[in-house]
Structures are given as C-alpha cells and as structure tokens.
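# Reading the structure
Next come the chains, spelled out residue by residue.
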Amino acid sequence: MIEYDDIIKESPFIANHLITLIKTHDFYMNKHIKSGTDILPSQYYMLLFLYYEMGTNQSDIAKACLMDRSGVSRAFKEFEEKGLIVRKIDEENKRAYKITLTKKGIETAEFLIRKEKEWDAMICDELNIPREELLKLLSGISLKSLEFNREKF
C-alpha cells in the first residue's frame, strides 16, 4: 500500500506540499487549542485577529477571517460568555461594536502565539534553515500567486 509520505516525496505540484503543511500545522494547533484554551479551532483566527487589531468591529473581523457576520457574532457571544472579550458600542457608529480582548483573551492569544512559534522553530530546525529565510521564500511565493490571480483570473 502506498503511504502518504511517498505521495508527497513524488509530487510535482507545489500545492500538494502546501496542503500537507497546512494540514499538519492545523493538527498541531488544534491539539493545543483543544487542550489549552476555551475556544474552538474554528475560532482561532478570529481571536488572533483581535489580538493584533484590538478595538476593531465585527464586520472587519468577518471580512478578514472570510466569515459571515452572523458566524462572527455567534463566536463573539461565546467569547463574551467565556470572559475572552468585551464588546462596546462604537461611538462613531451606534449600530456597531468595538471588540477588545480581556486579560484572559490576551493570555489565550499569547499562548497560541507561543505554540505557533514552537511550530515554526520545529520546522526550521529540522530543515536547518533560518526562519527569516523561509518566511522570505514563502512570502515571495504567496505574493506571486496573488499577483497571478489578480492579473490573469
């Protein structure tokens, strides 16, 4: 029987390697999300977005995380119940809320960021490549693919 490792070793497609990287990363992060936080894996990117964009509104978070506003609203209701966020009415738009993380929310995000750094370090150490060099290469690939899509599709 052919093993997944053999398929990857023989794959001529960049996308197969990126999919594997994403799936193994998600497996690693989901393990830590489930064992070390009060959030669901599907809420991970919303929490980190809030960490880096404190005080943003639900609509902006929905756009950035490629989610609908009702899904973000449900997640934030859970976040509020778990003491991870505070929602305050936006003084400039009374129909919107500005969202900030509580101390517990910040601690949760920082725990996940530490796990991300551990993941990066494991990959870079195994490949014997500096993180900055790998990020530069991956950034170039990502930006080039965005450029291709904008110009050609």
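Report follows, based on the coordinates. (Residues numbered from 1 in each chain as written. Predicted model: local features only at pLDDT ≥ 70, side-chain atom pairs only at ≥ 80, totals over all residues. Heavy atoms only, no water.)

Remark on secondary structure: sheet strands pair via backbone hydrogen bonds, oriented parallel or antiparallel. One open sheet holds the 3 strands; their spatial order is β1-β3-β2, and the pairing between them is antiparallel. Every interior strand has two partners, whereas the edge strands, β1 (56-57) and β2 (85-90), have only one. Sheet topology note: the β2/strand β3 (residues 93-101) ladder contains 6 bridges and is antiparallel. Paired with V86 across the two strands is T100, which belongs to β3. (Pairing = 2+ DSSP bridges. Helix = DSSP H or I, 4+ residues; strand = E, 2+ residues; numbered from the N terminus.)

Further remarks concern a negative patch on the surface. Together, E3, D5, D6 and E10 line one region of the surface with negative charge. Position of D6 relative to the elements: it lies in helix α1 (residues 4-10). (Patch = residues over 30% accessible without salt bridge, like charges linked within 9 Å, V, L, I, M, F, W, Y side chains within 5 Å. Areas by Shrake-Rupley, 256 points an atom, 1.4 Å probe, with all protein chains shown as cover. Salt bridge = Lys/Arg side-chain N within 4 Å of Asp/Glu carboxyl O. Lys, Arg positive; Asp, Glu negative; His and termini not counted. Charge placed at Lys NZ, Arg CZ, Asp CG, Glu CD.)

Positive phi, close to 55°, is recorded for L66, a residue that is not glycine. Relative to the helices and strands, L66 is located in the loop between α4 (58-64) and α5 (69-81). Residue classification places L66 among the exposed positions, given a relative accessible area of 80%. In the Ramachandran plot, N128 falls in the positive-phi region, its phi being about 55° despite a non-glycine side chain. (Buried < 20%, exposed > 50% of the residue type's maximum accessible area, 1.4 Å probe, protein only.)

Shape is all these values report; function is a separate question.
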